[in-house]
Amino acid sequence: MRWRSVVGWSALVLAAGGGAVLLAAKQSAGRSARPELRPAQDEAPVAEVQRGDLDMDVHATGELRASHTVMLTAPSVGGGSLEITQLLPTSTPVKKGDVVIEFDPGEQQFKLDQSRSELMQAEQEIAKANADAAVLAAQDKVAALKARYGVRQAELDVQKNEIVSSIDGKKNNLALEQAQRVQTELQQDSQSHQQSGQAAIYLAKEKYNKAKLAMDEAQQNIDKMRVTAPIDGMVSIQRNPPQDFFFSGMAVPDFHAGDLANPGSAIAQIVDPMGLELSCKLGERSSSSVRVGEPVEATFDALPERTFHGKVKTVGGMSRSDFFDDNSNSGVEVTMELTDADPHLRSGFSAQILFRGDKKKNVLYLPRQALFMKDGKRFVYVDTGKGYEQRSIKIVGESESKAVVEGLGEGTRVTLVDPTAPRNSGSSGATATATSTGAP
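The following paragraphs examine the structure supplied in this document.

**Quick word on the pairing of strand β12 (residues 276–282)**
For β12, the tally of buried residues reaches six of seven residues, placing the bulk of the element in the interior. Both strand β3 (residues 58–66) and β12 contribute to a ladder of five bridges, which runs antiparallel. The partner of Arg-65 across the bridge, within β12, is Glu-277. The pairing of β12 with strand β15 (residues 331–338) spans six bridges and is antiparallel. Paired with Leu-282 across the strands is Val-332, a residue of β15.

As structure tokens, then:
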């Protein structure tokens, strides 16, 4: 009797277990047949399309640079490196003609003194050559007079040949020929003396000209040792890289008094403070809202208590960047002209820039994070309540955080992430397969 009871209870338990298993299997089959519903905490975040006025302002970080500068270099003179004896510090205001850099003129002064000594010696040689030529000319003139007298005396003696013996007549003829020969030789010697004297004078003058040229060159080099400002502006000292060893990223000091500089080296720069302009790079979509002539406001990190104003000067094209370049080196180059420049501004100052774009009134807009792009087309994911619908839209304008759109109604709910992307069980975010265009 007890054994039958145990068997009965066992059968009842097995039947109950089987029914539970069968019920669980039916429930599982029912869940797999119906679409899976995501729990609330796993749903994609959404935003609504809103209507209102939208400021198309764009923020950026830029740098002040000089559009009008003049570089001052070490003079191109022979003799090796030049020593800087005086150099105005950076940010010193100068007027046109003020001395900015002075170099040691010792070597050029030595060349000047040496050339002056050679010049004086050449002057003495010219005077001596002229004197020698004059003496020779006088001697040749006296000799020519004597030769002419001798020829005349011989001619008179030949005229007596009719009354003298034949032997004396022959002697007279020979004497005349000898006197004529001496006269001819003296004429030739006089011409040779004149030519040699002129050559000596010419050589002395050439030596004089050479010394004069060297002296003038040395004086010009001495004048070049004082480098002046060609325009009014501010001094900006350049870096002095080492000549023997240098690598990228190495800390390089500025030039200062006592340094050696090679001829032609850039030592300082004169910056026109009224020719400063702001420059920054904007993302392609942010730059689409910026126009030439648009007003801008700038606050410099070095002068935070004041806001400067200006306008957009140029909006360039997309700058190229290499594969290993970071994003900071790519974008649209934008330059701005300040309308209230200040002498305290310096080239290289960084600034926070606000582009005052046009204000769009009574428009439909949504967060830029809700915009996606695939195959070159921009779209949004609309939350229909039953699912998510991909819908193409038209972008009218964009600010840094919002986009003005057409094709969606006010109050339309759009997702801020791609709802079709696989989602991690431990995170509420999603990895989008479609590219989001929300970044500037």
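**Here we look at the sheet that holds strand β7 (residues 99–103)**
Remark on secondary structure: sheet strands pair via backbone hydrogen bonds, oriented parallel or antiparallel. Reading across the sheet, the four strands line up as β8-β7-β5-β10 and stay open at both edges, with antiparallel pairing between neighbours. The sheet is open, and its two edges are formed by β8 (226–228) and β10 (260–261), each paired on a single side. As defined by bridge partners, β7 adjoins β8 across three bridges and the pair is classed as antiparallel. Paired with Ile-101 across the two strands is Val-227, which belongs to β8.

**Section: the sheet that holds strand β22 (residues 402–406)**
Taken in spatial order, the four strands make up an open sheet running β2-β17-β22-β21, and their pairing is antiparallel. Single-partner strands in this sheet number two, and they are β2 (50–55) and β21 (394–398). In this sheet, adjacent strand axes meet at a mean angle of 60° when their direction is disregarded. Bridging between β21 and β22 involves four bridges; their strand directions are antiparallel. From the neighbouring strand, Glu-398 faces β22, where its bridge partner is Ala-403.

**Describing the packing of helix α2 (residues 106–158) against helix α3 (residues 166–224)**
Running from amino to carboxyl end, α2 crosses α3 at an angle of 170°, the nearest separation of the two axes being 8 Å. Relative to α3, the element α2 lies roughly antiparallel. Broken down by class, the residue content of the contact of α2 with α3 amounts to 26 nonpolar, 15 polar and 13 charged.

**Quick look at unusual backbone geometry**
The phi torsion at Ser-91 lies on the positive side, around 75°, for a residue other than glycine. On the secondary structure map, Ser-91 appears in the loop between β5 (82–87) and β6 (93–94). For Ser-91, a relative accessible area of 28% gives the class partly exposed. Positioned with a positive phi, Asn-362 is a non-glycine residue whose angle comes to about 50°.

**A short note on the pattern of salt bridges**
Across all of its chains, the model carries 14 salt bridges by this definition. Among the ionic pairs, Glu-102 bridges to Arg-226, the shortest N-O distance being 3.1 Å. Highlighted residues: Glu-102 in strand β7 and Arg-226 in strand β8, separated in sequence by 124 residues. Under the relative-accessibility criterion, Arg-226 is labelled partly exposed at 48%. The residue Lys-207 makes a salt bridge to Glu-125 at a minimum N-O spacing of 3.0 Å. Here Lys-207 is found in helix α3, whereas its partner Glu-125 is found in helix α2, with 82 residues between them in sequence. Several salt bridges share partner residues, and in doing so they unite Arg-65, Glu-277, Lys-313 and Glu-333 into one network.

What counts and what doesn't
- Residues numbered from 1 in each chain as written.
- Predicted model: local features only at pLDDT ≥ 70, side-chain atom pairs only at ≥ 80, totals over all residues.
- Heavy atoms only, no water.
- Buried < 20%, exposed > 50% of the residue type's maximum accessible area, 1.4 Å probe, protein only.
- Helix = DSSP H or I, 4+ residues; strand = E, 2+ residues; numbered from the N terminus.
- Pairing = 2+ DSSP bridges.
- Axes fitted to C-alpha atoms, helices over the stretch in contact; angles between N-to-C directions.
- Parallel < 35°, antiparallel > 145°, perpendicular 65-115°, else oblique.
- Nonpolar A, V, L, I, M, F, W, Y, C, P; charged D, E, K, R; others polar.
- Salt bridge = Lys/Arg side-chain N within 4 Å of Asp/Glu carboxyl O.

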